[in-house]
Amino acid sequence: IYKLDESIAISAKCEEVREKVSGGIALSEKCTITNEDKLGTPIGSGEIPSNQDNIKVELKSDEFITSTEGEGTSVYYYVILEYPNENDSQNEDMGHNFDGEVTIEASDIKPDVDIVAAYVKDEETGDYEERKEGIPTEGYTINEELSYCSNEALPSWDFNHNGLLIENLNEIGTQCYLYFDRIKPSKDVLTLTLKREQCTDFPNFNITDLLEHKSSDSKSCLYKAEDDFGDTYYFRGKVKDNWVQFGKTSTDQDIYWRIIRINGDGSIRLIYAGISEDATNLTTDDGYTGNTNNSQISASAWAVAEDRDAHNDNKYVGYEWKDNKIHGYGTDSTQSNTLKELNKWFKENLSDDLNNEFANGRGHISTEAIFCNDRSGNDNNTNWSENMNDSGGTGTAMTLYGAYLRLTKKQNPVFKCSTDNNKIADSFTYKKASTGTKSLEYPIGLITADEVVFAGGLWKSNNTSFYLYTGSSYWTMSPKSFNGVNYAFMFNVDNRGNLEPENTFYDSVSNWLGLRPVINLKSNIQFTGSGTIDDPYTVS
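Criteria and cut-off values
Residues numbered from 1 in each chain as written. Predicted model: local features only at pLDDT ≥ 70, side-chain atom pairs only at ≥ 80, totals over all residues. Heavy atoms only, no water. 1 Å grid on protein atoms, 1.4 Å probe; cavity = no way out; pocket = protein on both sides within 12 Å on 5 of 7 lines; lining within 4 Å. Points joined across faces, edges and corners; volume = space filled by probe spheres on them. Nonpolar A, V, L, I, M, F, W, Y, C, P; charged D, E, K, R; others polar. Helix = DSSP H or I, 4+ residues; strand = E, 2+ residues; numbered from the N terminus. Buried < 20%, exposed > 50% of the residue type's maximum accessible area, 1.4 Å probe, protein only. Patch = residues over 30% accessible without salt bridge, like charges linked within 9 Å, V, L, I, M, F, W, Y side chains within 5 Å. Areas by Shrake-Rupley, 256 points an atom, 1.4 Å probe, with all protein chains shown as cover. Salt bridge = Lys/Arg side-chain N within 4 Å of Asp/Glu carboxyl O. Core = buried A, V, L, I, M, F, W, Y, C linked by side-chain atoms within 4.5 Å. Contact = heavy atoms within 4.5 Å. Disulfide = S-S within 2.5 Å. Pairing = 2+ DSSP bridges. Phe/Tyr/Trp six-rings, centres within 6.5 Å; stacked < 30°, edge-to-face > 60°. Expected span 1.5 Å × (residues − 1).

Student: Looking at this structure, I do not really get empty space enclosed by the protein. What am I missing?
Tutor: The gaps left among the atoms become clear once a water-sized probe is rolled over them. On inspection of all chains with the given rule, the structure shows three cavities of 30 Å³ or more. Quantified by volume, the largest cavity comes out at close to 200 Å³. Residue lining of the largest cavity: 22 residues in total, with D228, R261, I370, C372 and F415 positioned closest to the centre. For the lining of the largest cavity, a count of residues per class yields six nonpolar, six polar and ten charged.

Student: Quick question: what am I supposed to make of the environment of E19 here?
Tutor: Looking at where E19 falls in the secondary structure, it is placed in strand β2 (residues 12-21). On the accessibility criterion, E19 (47% relative accessible area) is partly exposed.

Student: Please explain a nonpolar patch on the surface as it appears in this structure.
Tutor: Residues I48, I55, V79, L81, Y83 and F98 make up a contiguous nonpolar surface patch of about 560 Å² in total accessible area. By relative accessible area, which is 53% here, L81 ends up exposed.

Student: Before we go on, may I ask you to explain the nonpolar core in this structure?
Tutor: If you look at soluble globular proteins, the nonpolar side chains tend to sit buried side by side. Of all hydrophobic cores here, the largest spans 74 residues; its most connected members are W257, W302, L350, L468 and L499. The residues touching L468, leaving out its near neighbours within four places in the chain, are I271, I447, E451, V452, A455, Y474 and R516.

Student: Hey, could you run me through the pattern of salt bridges in this one?
Tutor: As a working rule, side chains carrying opposite charge can pair if their charged atoms are close by. As enumerated under the stated definition, the model contains 15 salt bridges in all. Across the pair R18 and E16 runs a salt bridge whose closest N-O atoms are separated by 2.9 Å. Taking the relative accessible area as the measure of exposure, R18 reaches 57% and is therefore exposed. You can call E16 exposed: its relative accessible area is 55%. Between K416 and E226 there is a salt bridge, and its shortest N-O distance comes to 3.6 Å. Here K416 is found in the loop between α6 (402-407) and α7 (423-426), whereas its partner E226 is found in strand β13 (residues 221-226), with 190 residues between them in sequence. Owing to a relative accessible area of 43%, K416 belongs among the partly exposed residues under this scheme. Residues participating in the shared-partner salt-bridge network are D227, R261, R269 and E451.

Student: Got a minute to help me understand the state of the cysteines in this structure?
Tutor: When the sulfur atoms of two cysteines share a covalent bond, that bond is a disulfide. Taken as a whole and judged by the stated rule, the model has three disulfides. One disulfide in the model links C149 with C176; its S-S distance is 1.9 Å. Between C149 and C176, the S-S torsion sits near 110 degrees, and that sign places the bridge as right-handed. One end of the pair, C149, is in strand β8 (residues 148-149); the other, C176, is in strand β11 (residues 174-182), and 27 residues separate them in sequence.

Student: How should the pairing of strand β5 (residues 113-121) be read in this particular structure?
Tutor: Relative to β11, β5 is paired through seven bridges, and the arrangement is parallel. Its bridge partner being in β11, I115 is matched across the sheet by C176. Two strands pair when backbone bridges link them, and β5 and strand β6 (residues 128-130) are joined in this way by three bridges, in the antiparallel orientation. Bridging across to β6, V120 finds its partner in E129. Here β5 folds back onto β6 in antiparallel fashion, the turn holding six residues, of which G126 has a positive phi close to 80 degrees.

Student: Honestly, the packing of aromatic side chains in this entry has me stumped. Any pointers?
Tutor: Two descriptors summarise a pair of aromatic rings, namely the distance from one centre to the other and the angle between the planes of the rings. Taken as a whole and judged by the stated rule, the model has 20 aromatic pairs. An angle of 20 degrees between the planes, with centres 4.7 Å apart, marks the rings of Y119 and Y179 as stacked. In this pair, Y119 sits in strand β5 while Y179 sits in strand β11, placing the two residues 60 residues apart along the sequence. Taking relative accessible area as the criterion, Y119 reaches 19% and is therefore assigned buried.

Student: Before we go on, may I ask you to explain the side chain of N349 in this structure?
Tutor: Note that N349 resides in helix α4 (residues 337-349). For N349, a relative accessible area of 13% translates into the label buried.

Student: Is there a simple way to think about the environment of T394 in this case?
Tutor: Take T394: it is sitting in the loop between β24 (377-379) and β25 (399-401). The exposure class assigned to T394 is partly exposed, which follows from its relative accessible area of 29%. Separated by 70 residues in the primary sequence, T394 and N324 have C-alpha atoms spaced 6.2 Å apart. Apart from the residues lying within four places of it in its own chain, the contact partners of T394 are N314, N324 and I326.

Student: What's the story with α4 in this structure? I'm lost.
Tutor: At 3.6 residues per turn, the α-helix brings residues three or four places apart onto the same side. With 13 residues, α4 should cover 18 Å at 1.5 Å per step; its first-to-last C-alpha distance of 18 Å lies within 8% of that length. Among the residues of α4, N337, T338, L339, L342, N343, W345, F346 and N349 are the ones counted as buried.

Student: Honestly, the environment of S298 in this entry has me stumped. Any pointers?
Tutor: Positionally, S298 belongs in strand β20 (residues 298-301). The partly exposed category is assigned to S298, whose relative accessible area is 21%. Through-space distance from the C-alpha of S298 to that of L342 is 9.4 Å; in sequence the pair is 44 residues apart. Look past the residues within four positions of S298 in its chain and what remains in contact with it is E341, L513, G514 and L515.

Student: How should I be thinking about the pairing of strand β30 (residues 518-521) in this particular structure?
Tutor: Regular strands place their side chains on alternate faces of the sheet. Here β30 shows two buried faces, one formed by V518 and N520 and the other by I519 and L521. Note: strand β17 (residues 268-275) against β30, four bridges, orientation antiparallel. Bridge pairing in β30 places I271 opposite V518.

Below, the structure written as structure tokens:
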């Protein structure tokens, strides 16, 4: 019995053979099989005793067809019946029939994997040493060139679940020899490539510090703070070496991004910066010039595109909102028009990378990232109290939201998303994430006002030199305030690089401003390039 993944033409051609023997002529029949060489090696065999009738011979049992072979895969079995001994008389078998069947049923027996040995690379010597504790579970990835298994099984690494993936596992007793290399955290990759170190002086978020980044290039270092996952390292000021080329548009144009920061879990946070021929025209020594709309995918009302009057309720500051709840979200909630536009763009341009992740574990986009829509805040009678007790935030209650309280008086930005009791509700995450709302169709969002300040922007102070300035106004994800009458406001970066727009009501949720998508690359990606616009980082 043979097993193939393709259909081939098999037939037997038999010819009469006459041989002179003592006393006469011996007649026999000799058969040949067409395409026999394409059958390969038998997966099983058996022998039919010549002296018994009606006997059942099992050629192969527990032949597994598993889900690893993929939906829609066709498997072909060929059974060849032969007389192995040409010298024995088979006259008494003339006129007899052979019957056979192949049955398919669910099996309680599972194909198993025996990890014969696991080897881990010594970073100092470069040698692989056997690991007695079994396969590592964190900080390593499999070396697919060195690793191998018996029974034609293929070992690889599932980056989505950080674990071993065995493809073509269809036999009992499969043995594997696995070799593992250490994953370099994104911080290590970037700091080595950029020759950057952690900045020893934490920046003061004031005008003096801001002016320093106007007049000179950013220091050759990464600043450090804390986010929801741990230590985060971020870029600040007039940065020229945080360019990334990742992905292509639906029209096959390269997509350019700027690195905002390395998240606490090692993933890399990017903000959209344009497409191939346009991105290179965005930057000069003095800032950004040219068609600045190239740095955004489109313009959109924050709340409801078809209703320019949709601004008279606190709920409209939500990335999603539900009924009149302060922190509403969920599958039956209403999506902001911003979210709808970002979902549409992601589906058209980046969804293949996400789907590849679930197909074979090799996608690049992180599905654990948090997109913060911090709706914690107080009413306007709390005298700027830092105790976010959500006394506002519903209906037409006058409300000052968290980012407004942090950034307009004390310039005290944070990367952590809201207070503990609101962390889930305002920490928007992809539907298959392990934390947050788990309500987003795609892992995409916008930059926060806090991230803008960390990068070098300020409230009521222009900055046309830091790397987030584009010359156009674009939305952030951070709610600002509700005026207690009929207008809800969101923070945006205006055309002067300022978090406070020059025109009154320009930051109303019904206004149309630019959208610059934010995504996150996984912590295990490897970069090539130097990060400049002429030699951007690319995923290798």
